[in-house]
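Spelled out from the first residue to the last, the chains are:
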Amino acid sequence: MSQTAEIKVDGKTIELPIIEGTENEKAIDISKLRGQSGIITMDPGFKNTGSTQSSITFLNGEEGILRYRGYDIADLAENSNFLEVSYLLIYGALPTQEQYDKFQQEVTTHTMVHEDIKNILDGFPSISHPMGVLSSLICSLTAFYPNSLNPNRSKSEIDLSIIRLLAKLPTLAAWSYKHKIGHPVNYPDNSLDYTSRFLKMMFGLPAEQYEVDPVVAKALDQLLILHADHEQNCSTSTVRVVGSSHASIYASISAGINALWGPLHGGANQAVIEMLEEIKADGGDTKKFLDKAKDKNDPFRLMGFGHRVYKNFDPRAKIIKKAADDVLAKLGVNDPILDIAKGLEEAALNDDYFVERKLYPNVDFYSGIIYRAMGIPTEMFTVMFAMGRLPGWIAQWKEMRENNEPIGRPRQIYTGENERPYVPMNKR
Ligand code: CMC
């Protein structure tokens, strides 16, 4: 028998259905509550609100579990590759060899972008942050593919937009960096795999031979897998809400890139390195910075620490911490920042403030150190995150549209002035 919950409002008892997921997670369905009682629920930051029923990613913050379509993140990071994981997220099952070959072939075919995009790129000042450039260029795809504005497109047209996004985002990401440093852009080398192709566009110079380091390519591919989806986080919810108005998939993904940019979300990977640099420049006194983070009058937060849903450990951070050690050793990089990070982590994990609030290192704490070792500049870190999160955003956008979900439109409790008459300016 299906379970229900009861809520009493002004002496009237209202029965509400309880929804249960495949991992036994439960939710009280309040969608009819207002109609039955006149009241709404309040939950700033949606800390306890489910916005959808999704079959893409399962996350259990208490136990530190993260699975894409039922597959454990560690299993995928170890054994799969980013393109295969992208297919899994978007289409719901691991591809057969034939499906994979076709998917890879299609993505490879669409890696070039229209030459006019270079004109848009050239309009940005070189001081532009690459995240702003990337989101603008992704949104500009609506102009090159105006058919994407049609909300009633066929499945095959949507699939083509998906392929274009996966194919072109790395090109635009690498170009946003080349533009920043004043280098000519590199065209995609389609003889390479997805991640290596990006690295060559990012680091290669037209006048020089560029050999992709397999250690770097493998590590980047793993990082992309670990970032590929994370259920209803800030940027993914943004993508779903924007898409729920039937906006183009390019506009929706562009909005997700902007949401990711903030330092409380994906922008934390850049902020972590800046914080570690600051600690180093200040003499390496981690205690001083822990005290700052604990001081409620100081806006400083320990970047790369804490998470809305993980209250035990972030399974991605565990894998990335080990990968940071491995990659730095394989590349022969000795980065003093890594020691500061480890010292800071140890001090925080033994500090009552962080223990009581269950604040652990998150995915962004060690990822920046690996990016640095690969030679990726700090301002590009969040762009790397966007590249990784892209298949997740796409899968979530597609699921939302296929389920024909209603437009996202929360309610509010108004706390402003009551009705009052207009007073002409000369009488105020
Ligand atoms: N440093 C110091 N105190 C913290 C931190 C931190 N990094 N994170 C949370 N707290 C404190 C916070 O002040 C609050 O204390 P109190 O209960 O005394 O008021 C308590 O812990 C709960 O924090 P919250 O802000 O209510 O939690 P939230 O779920 O709203 O915020 C968060 C989650 C990730 C925004 C936050 O932990 C944070 O700002 N962390 C630093 C930024 C960061 O690393 N972001 C990347 C997140 S992982 C990548 C991604 O998926 O986006």
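Residues numbered from 1 in each chain as written. Predicted model: local features only at pLDDT ≥ 70, side-chain atom pairs only at ≥ 80, totals over all residues. Heavy atoms only, no water.

1. A few points about the overall build of the chain
Part 1: Looking only at helices and strands, the chain has 18 helices and six strands in total.
Part 2: In terms of C-alpha radius of gyration, the chain reaches 23 Å, essentially the compact-globule figure of 22 Å for 428 residues.
Part 3: Taking the principal axes of its C-alpha atoms as reference, the chain extends roughly 75 × 70 × 55 Å.
Part 4: Looking at the chain as a whole, 47% of its 428 residues qualify as buried.
Part 5: Put simply, 70% of the contacts in the chain that link residues at least 6 apart link residues at least 24 apart.
Part 6: Looking at the chain as shown, the accessible area adds up to about 21,700 Å², and 51% of this sits on carbon and sulfur atoms.
Part 7: When the 46 positive and 55 negative side-chain charges of the chain are each reduced to one mean point, those points stand 6 Å apart. (Helix = DSSP H or I, 4+ residues; strand = E, 2+ residues; numbered from the N terminus. Rg over C-alpha atoms; globule rule 2.2 N^0.38 Å. Buried < 20%, exposed > 50% of the residue type's maximum accessible area, 1.4 Å probe, protein only. Contact = heavy atoms within 4.5 Å. Areas by Shrake-Rupley, 256 points an atom, 1.4 Å probe, with all protein chains shown as cover. Lys, Arg positive; Asp, Glu negative; His and termini not counted. Charge placed at Lys NZ, Arg CZ, Asp CG, Glu CD.)

2. So, the site of the ligand
Part 1: Around the ligand there are 22 residues in total, and H265, R301, L302, G304 and R308 lie nearest to it.
Part 2: H265 is positioned such that a nitrogen or oxygen atom in its side chain is 2.4 Å from an oxygen atom of the ligand.
Part 3: Here an oxygen atom of the ligand and a side-chain polar atom of R301 are 2.7 Å apart.
Part 4: In the complex, 79% of the free accessible area of the ligand, which totals 940 Å², lies under the protein chains.
Part 5: Considering only residue class, the shell around the ligand consists of 10 nonpolar, six polar and six charged. (Near = heavy atom within 4 Å. Polar contact = N/O pair within 3.5 Å; in protein donor to acceptor, adjacent residues only side chain to side chain. Nonpolar A, V, L, I, M, F, W, Y, C, P; charged D, E, K, R; others polar.)

3. A few points about the packing of helix α3 (residues 82–91) against helix α4 (residues 97–109)
Part 1: For the pair α3 and α4, interaxial distance at closest approach is 10 Å and the crossing angle is 105°. One element, α3, and the other, α4, form an angle in the roughly perpendicular class. Counting all contacts with α3, which are made through L83, E84, S86, Y87 and Y91, the residues of α4 involved are Q99, Y100, F103, Q104 and V107.
Part 2: Class assignment of the residues belonging to the contact of α3 with α4 gives a composition of six nonpolar, three polar and one charged. (Axes fitted to C-alpha atoms, helices over the stretch in contact; angles between N-to-C directions. Parallel < 35°, antiparallel > 145°, perpendicular 65-115°, else oblique.)

4. Describing the sheet that holds strand β1 (residues 4–9)
Part 1: Ordered in space as β1-β2-β3, the three strands form an open sheet in which the pairing is antiparallel. Strands at the two margins of the open sheet, each flanked by one partner only, are β1 and β3 (26–28). Ignoring which end each strand starts from, the neighbouring axes of this sheet average 30° apart.
Part 2: Where strand β2 (residues 12–20) and β3 come together, three bridges link them in antiparallel fashion. Note on β3: the bridge partner recorded for I19 is A27. (Pairing = 2+ DSSP bridges.)

5. Examining the pairing of strand β4 (residues 57–60)
Part 1: Because side chains alternate across β4, one face comprises the buried residues T57 and L59, and the other comprises F58 and N60, equally buried.
Part 2: Where β4 meets strand β5 (residues 65–68), four bridges bridge the pair, whose relative direction is antiparallel. Bridge pairing in β5 places L59 opposite L66.
Part 3: Hairpin connection, β4 to β5: the antiparallel pair is bridged by four residues, and G64 has positive phi, about 70°.

6. Let's talk about the packing of helix α12 (residues 268–281) against helix α17 (residues 363–374)
Part 1: For the pair α12 and α17, interaxial distance at closest approach is 8 Å and the crossing angle is 80°. With respect to each other, α12 and α17 are oriented roughly perpendicular. Contact residues: α12 offers A268, N269, V272, I273, M275, L276 and E277, while α17 offers D364, F365, S367, G368, I369, Y371 and R372.
Part 2: Its residues placed into classes, the contact of α12 with α17 shows eight nonpolar, three polar and three charged.

7. Some remarks on the layout of surface pockets
Part 1: Approximately 380 Å³ is the volume attributed to the second largest pocket.
Part 2: Lining of the second largest pocket is provided by 19 residues; of these, E78, Q222, I319, A323 and D326 occupy positions nearest its centre.
Part 3: Among the elements of the structure, β5, α2 (73–79), α9 (214–227) and α14 (315–331) are those that each provide at least two residues to the lining of the second largest pocket.
Part 4: A per-element tally of the lining of the second largest pocket places α14 first, with seven residues. (1 Å grid on protein atoms, 1.4 Å probe; cavity = no way out; pocket = protein on both sides within 12 Å on 5 of 7 lines; lining within 4 Å. Points joined across faces, edges and corners; volume = space filled by probe spheres on them.)

8. A look at helix α7 (residues 155–181)
Part 1: In this model, α7 (27 residues) spans 40 Å end to end at C-alpha, consistent with the 39 Å of a helix rising 1.5 Å per residue.
Part 2: At K168, α7 is deflected by roughly 35°, the largest bend along its length, and proline P170 occurs up to four residues later in sequence. (Expected span 1.5 Å × (residues − 1). Bend = angle between axes of the 7 residues up to and from the residue.)

9. Examining the domain arrangement of the chain
Part 1: Taken domain by domain, the chain consists of domain 1 (4–50) and domain 2 (73–407).
Part 2: Relative to domain 2, the C-alpha centre of domain 1 lies at a distance of 35 Å. (Domains from an automatic or database assignment.)

10. Structural notes on the sheet that holds β5
Part 1: Pairing in this open sheet of three strands is antiparallel, and the strands run β4-β5-β6 from one edge to the other. A strand with exactly one partner marks an edge of an open sheet, and here the two such strands are β4 and β6 (71–72).
Part 2: Of the pairings in the sheet, the one linking β5 to β6 comprises two bridges and is antiparallel in character. Residue pairing for β6: Y68 is matched across the bridge by Y71.

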